[in-house]
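Here is what each chain is made of, one letter per residue.
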Amino acid sequence: VSELYPEFDQDQVLDYLDGFIERREAPLQALRERKRERTALRNSLQFWIDAAPELGTKDAIHDYAENRYHAAGLIERIWRKSPSNVPWASSDDIHSLSLEGLRVGNLPQLPAVADFSHVRELKLSNMDCKDRANLFLEHFSGLTALEMDNNEMAHLPVQLERMPNLRRLSLA
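Residues numbered from 1 in each chain as written. Predicted model: local features only at pLDDT ≥ 70, side-chain atom pairs only at ≥ 80, totals over all residues. Heavy atoms only, no water.

Draft legend 1. Main features of the packing of aromatic side chains. Inspection of every chain in the model, using the stated rule, returns six aromatic pairs. With a centroid separation of 4.9 Å and 85 degrees between ring planes, the pair formed by Tyr16 and Phe20 is classed as edge-to-face. Within this pair, Tyr16 and its partner Phe20 are both found in helix H1 (residues 10-22), separated by four residues, close to a single helical turn. The same class applies to Tyr16 and to Phe20, which are both buried. (Phe/Tyr/Trp six-rings, centres within 6.5 Å; stacked < 30°, edge-to-face > 60°. Helix = DSSP H or I, 4+ residues; strand = E, 2+ residues; numbered from the N terminus. Buried < 20%, exposed > 50% of the residue type's maximum accessible area, 1.4 Å probe, protein only.)

Draft legend 2. A look at H1. End to end, H1 covers 18 Å across 13 residues, agreeing with the expected 18 Å (1.5 Å per residue, within 8%). Taken together, the buried positions of H1 are Gln12, Val13, Tyr16, Gly19 and Phe20. Each buried residue of H1 sits inside an arc of 115 degrees when the element is viewed along its axis, so together they form one side. Exposed positions of H1 whose direction lies more than 90 degrees from the buried face are Gln10, Asp11, Ile21 and Glu22. Buried residues belonging to H1 abut helix H2 (27-50). (Expected span 1.5 Å × (residues − 1). Arc of directions from axis to C-beta. Contact = heavy atoms within 4.5 Å.)

Draft legend 3. How the structure looks around the pattern of salt bridges. If you walk through the whole model with that rule in mind, you get 13 salt bridges. Between Lys35 and Glu3 there is a salt bridge, and its shortest N-O distance comes to 3.6 Å. Taken together, the positions of Lys35 in helix H2 and Glu3 in the segment before H1 put the pair 32 residues apart, joining distant regions of the chain. For the salt bridge of Arg103 with Asp128, the shortest nitrogen-to-oxygen distance reads 3.9 Å. One end of the pair, Arg103, is in the loop between strand S1 (96-98) and strand S2 (121-123); the other, Asp128, is in the loop between S2 and helix H5 (134-137), with 25 residues separating them in the sequence. With relative accessibility at 26%, the residue Arg103 sits in the partly exposed group. One network of salt bridges, in which partners are shared, links Glu7, Arg42, Glu76 and Arg80. (Salt bridge = Lys/Arg side-chain N within 4 Å of Asp/Glu carboxyl O.)

Draft legend 4. Region of interest: the sheet that holds strand S4 (residues 168-170). Reading across from one edge, S1-S2-S3-S4 is the order of the four strands in this open sheet, with parallel pairing throughout. Strand pairing shows two members of the sheet lacking a second neighbour, S1 and S4, which therefore form its edges. Neighbouring strand axes in the sheet, compared pairwise and without regard to direction, differ in orientation by 5 degrees on average. Inspection of the sheet shows S2 paired to strand S3 (residues 145-147) by three bridges, in the parallel sense. Across the sheet, the residue bridging to Leu122 is Leu146, located in S3. (Pairing = 2+ DSSP bridges. Axes fitted to C-alpha atoms, helices over the stretch in contact; angles between N-to-C directions.)

Structure, rendered in structure tokens:
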């Protein structure tokens, strides 16, 4: 548990394990599955960080590895804060992911097992991501607010139709 959640103190580790028992799940099996999910997420994020910029496009000047590294850390942190795994976390921490202003070129292609349905607010403004956010957005089906201002998009993201709870959308 401490490997997955290094920020947990001893009481939180026990609470985390007790949660499995309360839900009638096998703690060891559930923990192994969570570790597999994290490994898949980390591998896909590392592949994205290491990917060469798209040479020959004007986006290449914005495709900085340090911005991707920072974004990857934020993405993994919000993944770890799923309420089913961290029921005592503040709702502000759980529900919001901001990558605003990070120039990363293409957004990462997240693994199918990566669940971000607990995220309610996603901020992708000023990233110059154009029309390349669809694959990333498909993992955020629980959004109530999406901000994608100043991204020079020509089309609405098709994933919007798979976000039934979306109440606030900003694409200016």
